[in-house]
Amino acid sequence: MAVIDTPRATPPLLSARVIPTPVPQLAAIAAPDAAGSLLRTVSGLAAVLALLALCLWGMKRLGGGRLASGSVVKVIGGVSVGNRERVMVLEVADEWIVIGVAPGQVSTLAQMPRQAQATPAQPDAPGFAAWLKHSIEKRHAK
């Protein structure tokens, strides 16, 4: 018995010839224009800043700033009593409210009629600036 050998067809992928693309052409296509890229970045940043300024101006014109100045509540003072805890004095109408503020919690501690605010008394002892000046003068006198 004789076997007939027929030539097999080669797949098209194996028979196709690959033509190499020159490297300088790829480099020219892939390299971005540095000046154009910088100009686009700077102009985009300027546009965002201009939009932010326009929004702030619009909020001021429409009354966004009026809420803070015409507020019913005025903060008189406060002191920190821990890492994240504060005691604050608020003025509402003609009354002072002492509150404690902690993370996730605000508690009323006391309510009292509005007090006259006195300026803090100046201590009789000289301050740090006077002590430093005196020390410098003493050092230069020697």
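Up top is the structure.
The structure displayed is predicted, hence computed values, not measured ones. Along each chain, the written sequence defines residue order, and numbers are assigned to residues from 1. At least 70 in pLDDT is required for a residue's local features to be given in this predicted model, at least 80 for side-chain atom pairs to be given and counted, and no such filter applies to totals for whole chains, interfaces and linings, which use all residues. Values shown for side chains rest on all heavy atoms present in the structure; no hydrogens or waters enter the calculation.

**What about the overall build of the protein chain?**
Then step 1. Secondary structure is summarised from DSSP: a helix means a run of H or I of at least four residues, a strand means a run of E of at least two, and numbering begins at the N terminus for each. The secondary structure content of the protein chain amounts to five helices and four strands.
Then step 2. Along the protein chain, helices and strands appear, N-terminal first, in the series α-α-α-α-β-β-β-β-α.
Then step 3. Put simply, 1% of the contacts in the protein chain that link residues at least 6 apart link residues at least 24 apart.
Then step 4. Per-residue accessibility takes into account occlusion by the displayed protein chains alone, with areas from the Shrake-Rupley method and a 1.4 Å probe. For the protein chain, the exposed area adds up to about 13,100 Å²; of that, 65% sits on carbon and sulfur atoms. Throughout, a residue-residue contact means that at least one pair of heavy atoms, one from each residue, lies within 4.5 Å.

**Here's the deal with helix 5 (residues 128–141)**
Then step 1. A helix is expected to span 1.5 Å for every residue after the first. The end-to-end C-alpha distance of helix 5 is 20 Å, a good match for the 20 Å that 14 residues give at a rise of 1.5 Å each.
Then step 2. For helix 5, the tally of buried residues reaches only zero of 14 residues, placing the bulk of the element at the surface. Only protein chains enter the accessibility calculation, which uses a 1.4 Å probe; a residue whose area is less than 20% of its type maximum is buried, one above 50% is exposed, and one in between is partly exposed.

**Quick look at the pairing of strand 1 (residues 73–80)**
Then step 1. For two strands to pair, DSSP has to find at least two bridges joining them. Where strand 1 lies against strand 2 (residues 86–92), seven bridges are found, and the strand directions are antiparallel. Paired with V79 across the bridge in strand 2 is V87.
Then step 2. Between strand 1 and strand 2, which follow one another and run antiparallel, lie five residues.

**Observations concerning the packing of aromatic side chains**
How two aromatic rings sit relative to each other is set out by the distance from centre to centre and by the angle between their planes.
Then step 1. Any Phe, Tyr or Trp ring, taking Trp's six-membered ring, that has another such ring centre within 6.5 Å forms a pair; planes under 30 degrees apart are called stacked, those over 60 apart edge-to-face, and the others tilted. Applying the stated criterion to the full structure yields one aromatic pair.
Then step 2. Taking the centre distance of 5.6 Å and the plane angle of 35° together, the rings of F128 and W131 count as tilted. Separated by three residues within a single helix, F128 and W131 lie in helix 5, roughly one turn from each other.

**Some thoughts on helix 3 (residues 34–62)**
Then step 1. Compared with the 42 Å implied by 1.5 Å per residue over 29 residues, the 42 Å span of helix 3 between its first and last C-alpha is a close match.
Then step 2. Among the 29 residues that make up helix 3, two are buried, leaving the element largely open to the surroundings.

**Brief notes about the environment of G100**
Then step 1. Here G100 shows up in strand 3 (residues 95–102).
Then step 2. Each C-alpha atom of the pair G100 and G78 lies 9.5 Å from the other, and the pair is 22 residues apart in sequence.
Then step 3. Ignoring anything within four residues of it in the chain, the contact list for G100 reads R86, Q105, V106, S107 and L109.

**A closer look at the sheet that holds strand 2**
Then step 1. Here we have four strands laid out as an open sheet, ordered 1-2-3-4, and antiparallel in their pairing. Two strands in the sheet have a free side with no partner beyond their single neighbour: strand 1 and strand 4 (105–113). Each neighbouring strand pair of the sheet contributes to a mean axis angle of 25°, computed without reference to strand direction. Between N-to-C directions, angles cover 0 to 180 degrees, with each direction set by a line fitted to C-alpha atoms, over the stretch in contact for helices.

**Thoughts on the pattern of salt bridges**
Then step 1. We define a salt bridge as a contact between a side-chain nitrogen of Lys or Arg and a carboxyl oxygen of Asp or Glu at a distance within 4 Å. The full count for this structure, using the stated rule, is one salt bridge.
Then step 2. R114 is paired through a salt bridge with E91; the nearest N and O atoms lie 3.1 Å apart. Pair noted here: R114 is in the loop between strand 4 and helix 5 and E91 is in strand 2, with a separation of 23 residues, a long-range link.

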